[in-house]
Amino acid sequence: MSDAEMSPKWRNPLFLWSAKWAIEELPTIPFRSHQEIWRKTRESKTDLFPVGRLRYYYKWPGHGSATWNRLRYWPTRRRVLRVRGEYNPKTLRREKTIVDKRPIWWLLGLLVLALGPLCTPLGVQNTLLTAASTFAIYAAISLCWMLINGTAGIFSLASYAVVGTAAFCTAYLSMSFGVPWWLLPPIGAVVGLVFGGIIALPATRLDGFYYALLTLGLNELCRVYFTTSPIFGAANGGLFGASTFIPDSASQLVRLLTSYYACFAVLLLALLFYRQINGRRLGRILRMAPEKREAFAEATGVNFRRARIWVFVLSSTGLGFIGGFYTANFGGVAFSLFNFDTVLLGLGMLVIGGIGRAEGAVVGTFVVVLFDKFLITLGPLRLILIGLIMLFVSLYLRNGLFGIKAQFRNWRDKKKSERRSTRAEKGGEMLPEEATETQDKDIVYMRRFDKMQRDYLKTLVSAEVITEHQRSPQGQHSEALQRLLIYFRGRPQVDKYAITCVEVNKAYRVVALSGHRGVPPRLVEDKIYPTPKDAFHGVFMRRVQDLLES
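Residues numbered from 1 in each chain as written. Predicted model: local features only at pLDDT ≥ 70, side-chain atom pairs only at ≥ 80, totals over all residues. Heavy atoms only, no water.

**Topic: the layout of surface pockets**
Where we set the bar: Cavity means a closed set of points on a 1 Å grid over the protein atoms alone, one where a 1.4 Å probe fits but cannot get out, pocket means an open set with protein on both sides within 12 Å along at least 5 of 7 lines, and lining means a residue has an atom within 4 Å of a point. Grid points are joined across faces, edges and corners, and a volume is the space filled by probe spheres set on the points. Here a strand is any run of E in DSSP of at least two residues, a helix any run of H or I of at least four, and the numbering for each starts at the N terminus.
Taken as a whole, the largest pocket encloses approximately 1,400 Å³ of empty space. Taken together, 40 residues line the largest pocket, and the ones lying closest to its centre are Trp105, Trp106, Glu359, Val363 and Phe402. Those elements that provide at least two residues to the lining of the largest pocket are strand E5 (93-100), helix H3 (102-115), helix H4 (125-151), helix H13 (358-374) and helix H15 (404-422).

**A closer look at a nonpolar patch on the surface**
The test is simple: Distance thresholds for patches are 9 Å for like charges and 5 Å for nonpolar side chains (Val, Leu, Ile, Met, Phe, Trp, Tyr), applied to residues having over 30% relative accessible area and no salt bridge. Per-residue and other accessible areas follow the Shrake-Rupley method at a 1.4 Å probe size, with only the shown protein chains counted as cover for residues. Here, a salt bridge means any side-chain nitrogen of Lys or Arg that lies within 4 Å of a carboxyl oxygen of Asp or Glu. Relative accessible area decides the class of each residue, using a 1.4 Å probe on protein chains only: under 20% of the type maximum gives buried, over 50% gives exposed, and in between gives partly exposed.
Taken together, the side chains of Leu378, Leu381, Ile384, Leu388, Leu391, Phe392, Leu395 and Tyr396 make up a nonpolar region of the molecular surface, amounting to roughly 810 Å² of accessible area. Looking at where Leu381 falls in the secondary structure, it is placed in helix H14 (residues 381-396). Taking the relative accessible area as the measure of exposure, Leu381 reaches 43% and is therefore partly exposed.

**Thoughts on the sheet that holds strand E8 (residues 497-503)**
Operational definition: When DSSP finds two or more bridges between a pair of strands, those strands are recorded as paired.
The strand order E8-E9-E10 describes an open sheet built from 3 strands, whose pairing is antiparallel. With one partner strand each, in any of the chains shown, E8 and strand E10 (522-523) form the two edges of the open sheet. Relative to E10, strand E9 (residues 507-512) is paired through 2 bridges, and the arrangement is antiparallel. The partner of Val511 across the bridge, within E10, is Leu523.

**Describing the environment of Ser462**
Tracing the chain through its elements places Ser462 in the loop between helix H17 (441-458) and helix H18 (463-471). The sequence separation of Ser462 and Ala480 amounts to 18 residues, and the corresponding C-alpha distance is 9.4 Å.

**Digging into a positive patch on the surface**
In plain terms, the rule: When charges are counted, neither His nor the chain ends are considered; positive counts come from Lys and Arg and negative counts from Asp and Glu. Throughout, a charge is located at the NZ atom of Lys, the CZ atom of Arg, the CG atom of Asp or the CD atom of Glu.
Positive charge collects at one region of the surface, where Arg280, Arg281, Arg284, Arg287 and Arg306 lie side by side. With respect to the helices and strands, the residue Arg306 is situated in helix H11 (residues 304-330).

**Considering the pattern of salt bridges**
What the rule picks out here adds up to 13 salt bridges. Between Asp450 and Arg491 there is a salt bridge, with the nearest N and O atoms lying 3.4 Å from each other. Linking Asp450 in helix H17 with Arg491 in the loop between helix H19 (479-489) and E8, this pair joins segments that are 41 residues apart in sequence. Take Asp450: its relative accessible area is 18%, and that puts it in the buried class.

**A short note on unusual backbone geometry**
Across residues other than glycine, the phi torsion is negative in most instances, and most of the peptide bonds are trans. You will see that Asp495, though not glycine, has its phi angle at about 60°, which is positive. According to the relative accessible area criterion, Asp495 is partly exposed, its value standing at 44%.

**Details of the pairing of E5**
Alignment of strand E3 (residues 59-61) against E5, held across 3 bridges, turns out to be antiparallel. Within E5, the residue paired with Trp60 across the bridge is Lys96. Across 7 bridges, strand E4 (residues 82-88) lies against E5 in antiparallel orientation. Each bridged residue has a counterpart across the sheet, and for Arg84 the counterpart in E5 is Thr97. Between the end of E4 and the start of E5, which pair antiparallel, lie 4 residues, with Leu92 showing a positive phi angle near 60°.

**Here we look at the packing of aromatic side chains**
Two aromatic rings are characterised by how far apart their centres lie and by the angle between their planes. Test applied: Side-chain rings of Phe, Tyr and Trp (the six-membered ring for Trp) are treated as a pair once their centres are within 6.5 Å; stacked means planes under 30 degrees apart, edge-to-face means over 60, and tilted covers the remaining angles.
Applying the stated rule across the entire model yields 23 aromatic pairs. A centroid spacing of 5.8 Å and a plane angle of 20° characterise the contact between Phe245 and Phe325, whose relative ring orientation is stacked. On the criterion of sequence distance, the pair formed by Phe245 in the loop between strand E6 (238-240) and helix H8 (252-278) and Phe325 in helix H11 is long-range, its members being 80 residues apart. Of the two residues examined, Phe245 and Phe325, each falls in the buried class. Through a chain of ring-to-ring contacts, three or more aromatic side chains come together here, namely Phe168, Tyr172, Phe177, Tyr225, Phe226, Phe232, Phe335 and Phe338.

**A word on the nonpolar core**
How we decide: Only buried Ala, Val, Leu, Ile, Met, Phe, Trp, Tyr and Cys residues count toward a nonpolar core, and they belong to the same one when joined by side-chain atoms within 4.5 Å. Any pair of residues with heavy atoms lying within 4.5 Å of one another is described as a contacting pair.
Grouped together as the largest cluster of nonpolar side chains are 83 residues, with contacts concentrated most on Leu143, Trp145, Tyr160, Phe168 and Leu337. Considering each element in turn, this core owes the most residues, 14 residues, to H4. Apart from residues no more than four positions distant in its own chain, Phe168 is found in contact with Phe226, Phe232, Gly238, Leu239, Val333, Ala334, Phe335 and Phe338.

**Things to note about the sheet that holds E4**
Our working definition: Axis lines are fitted to C-alpha atoms, over the contacting stretch for helices. Their N-to-C directions set the angle, which ranges from 0 to 180 degrees.
Ordered in space as E3-E5-E4, the 3 strands form an open sheet in which the pairing is antiparallel. Looking at which strands have only one partner, the edges of the open sheet turn out to be E3 and E4. Strand-to-strand twist across the sheet, computed as the mean angle between neighbouring axes with direction ignored, equals 40°.

**Some points on helix H20 (residues 532-549)**
How we decide: Helices are assigned an expected span. That span is 1.5 Å times one less than the residue count.
Look at H20: 26 Å from first C-alpha to last across 18 residues, which is about the 26 Å you get at 1.5 Å a residue. Along H20, the residues that are buried comprise Ala535, His537, Gly538, Val539, Phe540, Arg543, Val544 and Leu547. For H20, the secondary structure elements touched by its buried residues are H17, H18, H19, E8 and E9.

**Observations regarding helix H6 (residues 184-200)**
To keep it simple, the criterion reads: Working definition: the arc comes from the directions between the helix axis and the C-beta atoms, pointing outward to the latter.
Taking 1.5 Å as the rise per residue, H6 with 17 residues should run 24 Å; its terminal C-alpha atoms sit 23 Å apart, in good agreement. Residues of H6 that are buried: Leu184, Pro185, Gly188, Ala189, Gly192, Phe195, Gly196, Ile199 and Ala200. One face of H6 carries all of its buried residues, which in axial projection span an arc of 140°. More than 90 degrees from the buried face of H6, the exposed residues found are Val190 and Ile198. Contacts made by the buried residues of H6 are with helix H5 (159-177), helix H7 (209-228) and H11.

**Some words on the pairing of E9**
Of all 6 residues in E9, 5 are buried, a share of seventy percent or more. Here E8 runs beside E9; their pairing, made up of 6 bridges, is antiparallel. Opposite Ile499, over in E9, you have Val510 as the bridge partner. Linkage of E8 to E9, two consecutive antiparallel strands, is achieved through a turn of 3 residues, within which Asn505 is found at a positive phi near 65°.

**So, the side chain of Ser159**
By the element assignment, Ser159 lies in helix H5. Since its relative accessible area comes to 1%, Ser159 is described here as buried. The residues touching Ser159, leaving out its near neighbours within four places in the chain, are Trp145, Ile148 and Leu319.

**So, the state of the cysteines**
Stated formally: Throughout, disulfides are identified as pairs of cysteine sulfur atoms within 2.5 Å of each other.
Here the structure, examined in full by the defined rule, presents 0 disulfides. Not engaged in a disulfide, the cysteine Cys222 finds its nearest cysteine sulfur in Cys169; these two sulfurs lie 9.5 Å apart. Judged by relative accessible area, which is 9%, Cys222 ranks as buried.

**A look at the packing of H4 against H8**
Note the threshold: Roughly parallel refers to an angle under 35 degrees, roughly antiparallel to one over 145, roughly perpendicular to one between 65 and 115, and oblique to any angle outside these ranges. If you view the pair so one helix is near and one far, a crossing is left-handed when the near helix is turned anticlockwise from the far one by less than a right angle, and right-handed when it is turned clockwise. In the scheme used here, Gly and all other residues not listed as nonpolar or charged are polar, with Ala, Val, Leu, Ile, Met, Phe, Trp, Tyr, Cys and Pro taken as nonpolar and Asp, Glu, Lys and Arg as charged.
Two elements in contact, H4 and H8, have axes separated by 9 Å at closest approach and are oriented at 15°. Regarding the angle of H4 to H8, the classification is roughly parallel. The two elements H4 and H8 cross, and the hand of that crossing is left-handed. Looking at side-chain class alone, the contact of H4 with H8 contains 23 nonpolar, 8 polar and no charged residues.

Okay, structure coming up:
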């Protein structure tokens, strides 16, 4: 049998009624379900990976019938862990999720710092313990400095001037008047309070770059004064011989361990101090009035200027306390504490870790001290490495090392959005920006439905369907042709094709309707059709061409 005999036939029901132009049988195409095309269009062909798509939270079992007592910081009502309780409809049980895991990482990190010195190798024990003591003191200074730069938003470079002034004053009092070591930190706190109150006054008038220049000049003035003053050890490079809590009769290892754990205790106090200021009312007030929103804060009754001065003065008090402890720990103080490179390294600690976060101050200090003190055998190369790290962080990271996580998630969400916008399997009917800005989402779904319908109708266009319409433009048609005609007839009036009579029973043309009252249709082509039947078929062919090109 030939292909024409094997192709499906369509029987015209009007043939039995002897209708005009009704042919008994016509070749047509096999039946094609629209569900198949729609199913292929709606399915997603994007590769999905089990890792990196969504955040994973471990689900702890619920507490059941027992009372769930949340552990809180005494004497406040703040919870130690941020836990979210919810009901899982799949497993039909209660579940708990730890949303914020930072307290766990803090606990593990502090345990490592507390137990690490006891497990150091004997060959590098002295170097490690000395570097660790320096790290703990500088981390405490960075935490107080972070309150000034991050919480208060005052770009001050006089933090080491406060620490150095308190250290030299307490060392002078200890050596001249025999003040015991346990009074040196409180005296240093008083010196820091007075010094911080003096340098906080210009902060009410100056801000930003100008205040940074002022505090940098103040740091240089303090360095010049103490290095040229005979009573503060100008001839010896500093003051040495102050009262200290480290026993002279103990072995070197005991002295190093005592110094380290005392510095570690100061670091814990600095963390608690940071938590009490940044996490309480003062910190919340300053977070409510960020940069360029002071007018809004004042309109809501928040005196952010007073809050900034309070944070500055309290942080200076903490820096003075650390300066007094510095003298009690090392038995004196050198002029290198005022050097400009010390200020730059301290600023690098904040930049590398990330301004505004306590963990950033600690980790940034660890990175700088690791290169500067422990890798001292590298010579000047270690300072170049620190500068390269600062340059990399400034160029490629938004908020230091601890901003990498949020920055990576933003980058990943951006890439996912870009891939989603280039996909056409489940859309393509609108640009991503247009779909986002469209208020009526029914328009998006109507366009998506119309696109799927057009994709299906394109498969129905064939030579058999065109021949069938040419033979009989009106009347009963096969299933494929009837679907095409119904779709064409339901199109909007704007630019819809129609025929116009040029001369009765002799000449017809194809035009496009304007869709607006009073606006005449426009001529589509110059071709003249002799009969209405040929004109109808010409309109059909133009509609099919537009469908295939859509």
